[in-house]
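Now for the letters of each chain:
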Amino acid sequence: MNLRIGNGYDIHQLVSDRPLILGGVQIPHHLGLLGHSDADVLTHAIMDAMLGALSLGDIGHYFPPTDPQWKGADSLKLLEQVNQLVQSKGWQIGNLDSVIVAERPKIKPHIPAMRDRLAQTLQLDPELIGIKATTNEKMDAVGREEGIAVYAVALLTRS
Ligand code: MG
């Protein structure tokens with residue numbers, strides 16, 4: 001079997017006095033995501049999808065939030081490490097897809113920049129990185145703008 005699929009999910013709280021970083025792109029907003037690292041919820045979900053595809057556990061195992069080493073960490077650097085791990089096992093990304101669930105701000109204008117940043121980090125064609133955005137129709141915590149959630153899937157291939 002030369003194909004493996006994995007899914008990832010993450011959610012972070014929106015709070016004041018934090019930057020809002022999604023896919024390595026800082027998005028202007030009066031709230032940002034709370035977390036031990038830079039709280040880049042999109043990048044976190046993608047990493048979990050990649051790890052999940054190879055049954056390698058989750059990002060909490062590799063970058064525990066209790067470890068001061070990862071305080072304020074640039075999640076793209078962590079993604080680079082996860083990609084190296086995947087490649088060291090003989091696998092590479094076939095394609096990625098993701099859905100960002102956020103009530104505000106408008107995510108769509110920032111999607112091309114996120115795809116470019118992730119593509120650069122993973123040395124992939126941006127065509128292979130799907131990012132979509134939706135609201136939660138004002139329902140539940142995400143709908144009340146208490147947080148942003150992301151679902152991601154990763155297809156890995158080996159030749
Ligand atoms: Mg996270």
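Everything below is about the structure shown above.
Predicted, not measured: the structure shown is a model, and the values here were computed from it.

It is not clear to me how the sheet that holds strand β7 (residues 147–157) should be interpreted in this structure. Could you clarify?
By definition, the strands of a sheet pair up through backbone hydrogen bonds, in either a parallel or an antiparallel sense. Spatially, the five strands line up as an open sheet ordered β4-β1-β7-β5-β6, and their pairing is mixed. Of all the strands in the sheet, the pair left with one neighbour each is β4 (32–33) and β6 (129–134). As paired elements, strand β1 (residues 3–15) and β4 share two bridges and run antiparallel to each other. Counted as the bridge partner of Leu14 is Leu33 from β4. The strands touched by helix α1 (residues 41–53) are β1, β4, β5 (92–101), β6 and β7; relative to β1, the strand with the most contacts, the crossing angle is about 155°. This element, helix α4 (residues 111–122), spans β5 and β6 of the sheet and lies at about 145° to β6.

It is not clear to me how helix α3 (residues 75–88) should be interpreted in this structure. Could you clarify?
In an α-helix, one turn spans 3.6 residues; hence positions three or four apart end up facing the same way. The end-to-end C-alpha distance of α3 is 20 Å, a good match for the 20 Å that 14 residues give at a rise of 1.5 Å each. Residues of α3 that are buried: Ser75, Leu76, Leu78, Leu79, Val82, Asn83 and Val86. Mapping the buried residues of α3 onto a view down its axis gives an arc of 150°, with all of them on the same face. Looking at α3, the residues exposed on the side facing more than 90 degrees away from the buried face are Gln84 and Ser88. The inward-facing, buried residues of α3 contact α1, β5, α4 and β7. Backbone nitrogen of Leu76 and a side-chain oxygen of the N-cap are separated by 2.9 Å at the start of α3; the cap is Asp74. Downstream of α3 by one or two residues, Gly90 has phi in the positive range, about 95°.

Just to check I follow, could you spell out the layout of surface pockets for this structure?
Here the largest pocket defines a volume of roughly 270 Å³. In terms of lining residues, the largest pocket is bounded by 15 residues, among which His12, His44, Ile59, Phe63 and Pro65 are the most central. Those elements giving two or more residues to the lining of the largest pocket turn out to be β1, α1 and α2 (59–62).

Help me understand the coordination of the magnesium ion in this model?
Under ideal tetrahedral coordination, the four donors around a metal are separated by 109.5 degrees; under ideal octahedral coordination, the six donors are separated by 90 or 180 degrees. Ligation of the magnesium ion by protein atoms is provided by Asp10 (OD), His12 (NE2) and His44 (ND1), these donors lying 2.0 to 2.2 Å from the ion. Sequence positions of the residues that donate to the magnesium ion give the spacing D-x1-H-x31-H. Note that His12 is positioned in strand β1 and His44 in helix α1, a separation of 32 residues in sequence. In terms of burial, His12 and His44 fall into one category: buried.

For this particular structure, what's the right way to read the pairing of β6?
Two strands pair when backbone bridges link them, and β5 and β6 are joined in this way by six bridges, in the parallel orientation. Across the sheet, residue Leu96 finds its bridge partner in β6, namely Ile129. Of the crossover connections in this fold, the one passing from β5 over α4 to the parallel β6 is right-handed.

Help me out: how do you make sense of the nonpolar core in this one?
The nonpolar side chains of soluble globular proteins are, as a tendency, buried together. Counting 47 residues, the largest nonpolar core has Leu22, Leu42, Met50, Ile100 and Met114 as the members making the most contacts within it. Breaking this core down by element, the ones donating at least two residues are β2 (20–22), β3 (25–27), α1, α3, β5, α4, β6 and β7. The greatest single-element share of this core, amounting to nine residues, is contributed by α1.

Looking at this structure, I do not really get the environment of Ser75. What am I missing?
With respect to the secondary-structure elements, Ser75 resides in helix α3. Look at Ser75 and you get buried, because its relative accessible area is 0%. The sequence separation of Ser75 and Ala39 amounts to 36 residues, and the corresponding C-alpha distance is 7.5 Å. Here Ser75 is in contact with Ser37, Asp38, Asp40, Thr43, His44 and Met47, once residues within four sequence places are set aside.

What counts as what
- Residues numbered from 1 in each chain as written.
- Predicted model: local features only at pLDDT ≥ 70, side-chain atom pairs only at ≥ 80, totals over all residues.
- Heavy atoms only, no water.
- Pairing = 2+ DSSP bridges.
- Helix = DSSP H or I, 4+ residues; strand = E, 2+ residues; numbered from the N terminus.
- Contact = heavy atoms within 4.5 Å.
- Axes fitted to C-alpha atoms, helices over the stretch in contact; angles between N-to-C directions.
- Expected span 1.5 Å × (residues − 1).
- Buried < 20%, exposed > 50% of the residue type's maximum accessible area, 1.4 Å probe, protein only.
- Arc of directions from axis to C-beta.
- Polar contact = N/O pair within 3.5 Å; in protein donor to acceptor, adjacent residues only side chain to side chain.
- 1 Å grid on protein atoms, 1.4 Å probe; cavity = no way out; pocket = protein on both sides within 12 Å on 5 of 7 lines; lining within 4 Å.
- Points joined across faces, edges and corners; volume = space filled by probe spheres on them.
- Donors = N, O, S within 2.8 Å, 3.2 Å for Na, K, Ca; no water.
- Right-handed = clockwise from strand over helix to strand, strands pointing away.
- Core = buried A, V, L, I, M, F, W, Y, C linked by side-chain atoms within 4.5 Å.

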